[in-house]
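# Structural features, examined
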Amino acid sequence: MLRIGIDLGGTKIAAGLVDEGRNLGASVQEPTRLPRPAKELAEAVFHLAERLLKEQGIAWEQVECVGIGIPGTVNRETDCVEYANNFGFENVPFVKMVKDWFPCPLYAENDAKAAAWGEYLAGAGQGSRSMTAVTLGTGVGGGIILNGTILEGENGAAGELGHMVIRQNGRSCTCGRKGCLEAYASATALVSQAKEAMETSQGSLLWSLCGGKMSEVNGRLIFEAAAQKDETACRVLECFTEDLSDGAANIINILQPEVLCIGGGLSGAGEALLAPLKRKTAPKVYSRASKKNTRILLARLGNGAGIIGAACLNEQVEKAAVKK
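This section reports on the structure supplied with the text. Every chain's residues receive numbers from 1 upward, in the order its sequence appears when written. Since the coordinates come from a predicted model, pLDDT governs what is reported: local features require at least 70, and pairs of side-chain atoms require 80 or more to be given and counted, while whole-chain, interface and lining totals use all residues. The side-chain values count all of the structure's non-hydrogen atoms but skip hydrogen atoms and water molecules.

## Some thoughts on the overall build of the protein
- The helix and strand labels rest on DSSP assignments: H or I over at least four residues marks a helix, E over at least two residues marks a strand, and numbering proceeds from the N terminus. The helix and strand tally for the protein stands at 11 helices and 13 strands.
- This radius of gyration counts C-alpha atoms alone. The globule rule is 2.2 Å times how many residues there are, raised to the power 0.38. Here the C-alpha atoms of the protein give a radius of gyration of 20 Å, agreeing with the 20 Å that 2.2 N^0.38 yields for 324 residues.
- Exposure classes here rest on a 1.4 Å probe applied to the protein chains alone. A residue is buried below 20% of its type maximum, exposed above 50%, and partly exposed in between. Relative to its full complement of 324 residues, the protein shows a buried share of 53%.
- The criterion used for residue contact is that any of the two residues' heavy atoms lie within 4.5 Å. Restricting to contacts in the protein with at least 6 residues of sequence separation, those with at least 24 account for 62%.
- Per element, the accessible surface of the protein, about 15,100 Å² overall, is 49% carbon and sulfur.
- Positive charges come from Lys and Arg alone, negative charges from Asp and Glu alone, with His and the N- and C-terminal ends not counted. Charge coordinates come from a single atom per side chain, which is NZ of Lys, CZ of Arg, CG of Asp or CD of Glu. Computing the positive centroid from 34 side-chain charges and the negative centroid from 36, the protein places the two 6 Å apart. Method for areas: the Shrake-Rupley scheme with a 1.4 Å probe, in which residue coverage is limited to the protein chains shown.

Rendered as structure tokens:
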């Protein structure tokens, strides 16, 4: 039997087929087109999944279940999205709206947790007992897997790793606090810090790489400039990885997971990000003298993690039911 995974994002909706071996097959996507009413968005999610099946010549009878990752706090008991700022949702019964469209069981979870679940089952965390995932994108997302199940917390909002404070009275964060990891270690923060540095470094290679347009600066260009020994880019990345290592060490000291998985768009930088992060995190870990310590790894599934994790949410529900 096949499963369908849906990754609902602020800019696009992606849907893909996942087989029994947790392999991602055909997928489709379309713009999310925000803002739009919740009912209309729920209908769009269904029609995208239906389009996927029609393009592949697959009937609904061949689909075991559907899973959806949503960027917000999902209450699985009430089928409500309690809060999703990018969608303007506050206690909206969005999951119920989506369920009403589908002819098979549907499971929902926060999108970062769904992506973490995908990496745990089929990516960087495969075979481990516990894994914590940190996604470095527009913000800093997270997902915590302990003893084979997603940590939900009392209200389903556990895992907001981007909102631990690493610098008291630091930069303002979108959550309303100051000094959050997200304000220092997200892709948004990296670009912002690079632009600030460029204003006083007119000779930086970053200016030529972005064609003289500061609006064109992105994470890839910053790592590219650093690879060419640009002093400004190297200085920015030195501060960025130092801040990220503070968050990584906090996570390891609190949870001691077997694997700390680093994903999101910035993980595409590979060893240029991973090597300094590991080097700077190691001396900050309380258990550094131990023979066994958390392995810091890059995510392996890319954009497919959210789809695979969503499609396999039924496994999370089944495991949780057995433990009860």
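## Topic: the sheet that holds strand β4 (residues 63-70)
- Read from one edge to the other, the open sheet built from 5 strands follows the order β3-β2-β1-β4-β8, with strand pairing classed as mixed. Each edge of the open sheet carries a strand with a single partner, namely β3 (24-31) and β8 (106-110). Neighbour-to-neighbour, the strand axes of the sheet open up by a mean angle of 15°, direction not taken into account.
- Bridge count for strand β1 (residues 2-8) against β4 is 6 bridges, and the pairing is parallel. Looking at β4, one finds that Ile 4 is bridged to Val 66.
- The axes are straight lines fitted to the C-alpha atoms, using for helices just the contacting stretch, and the angles between their N-to-C directions are given from 0 to 180°. Relative to the sheet, helix α1 (residues 38-56) contacts β1, β2 (12-18), β3 and β4, its axis offset from that of β3 by approximately 140°. Two strands pair under a simple rule: DSSP has to find at least two bridges between them.

## Description of unusual backbone geometry
- The omega torsion across Leu 34 and Pro 35 is -5°, close enough to zero to call that bond cis.
- Structurally, the position occupied by Pro 35 is in the loop between β3 and α1.
- Of note in this structure, Asn 91 is not a glycine but carries a positive phi near 55°.
- Looking at where Asn 91 falls in the secondary structure, it is placed in strand β7 (residues 89-92).
- The phi dihedral of Asn 147 is positive, around 50°, even though this residue is not glycine.

## Thoughts on the environment of Thr 200
- By the element assignment, Thr 200 lies in the loop between α5 (187-199) and α6 (205-209).
- The class for Thr 200 is exposed, based on a relative accessible area of 69%.
- Counting along the chain gives 95 residues from Thr 200 to Arg 295, while the straight-line C-alpha distance between them is 38 Å.

## A short note on the packing of α5 against helix α8 (residues 231-255)
- The interhelical angle for the contact between α5 and α8, taken along N-to-C directions, is 140°, at an axis separation of 10 Å. Here α8 runs oblique to α5, going by the angle between their axes. Crossing hand, α5 versus α8: right-handed. Contacts between α5 and α8 involve Leu 190, Gln 193, Ala 194, Ala 197 and Met 198 on the former and, on the latter, Thr 232, Arg 235, Val 236, Leu 237 and Phe 240. Relative orientations are named as follows: roughly parallel for angles under 35 degrees, roughly antiparallel for angles over 145 degrees, roughly perpendicular for angles from 65 to 115 degrees, and oblique for any other angle. Helix crossings fall into two classes, left-handed where the near helix is turned counterclockwise from the far one by less than a right angle and right-handed where it is turned clockwise.

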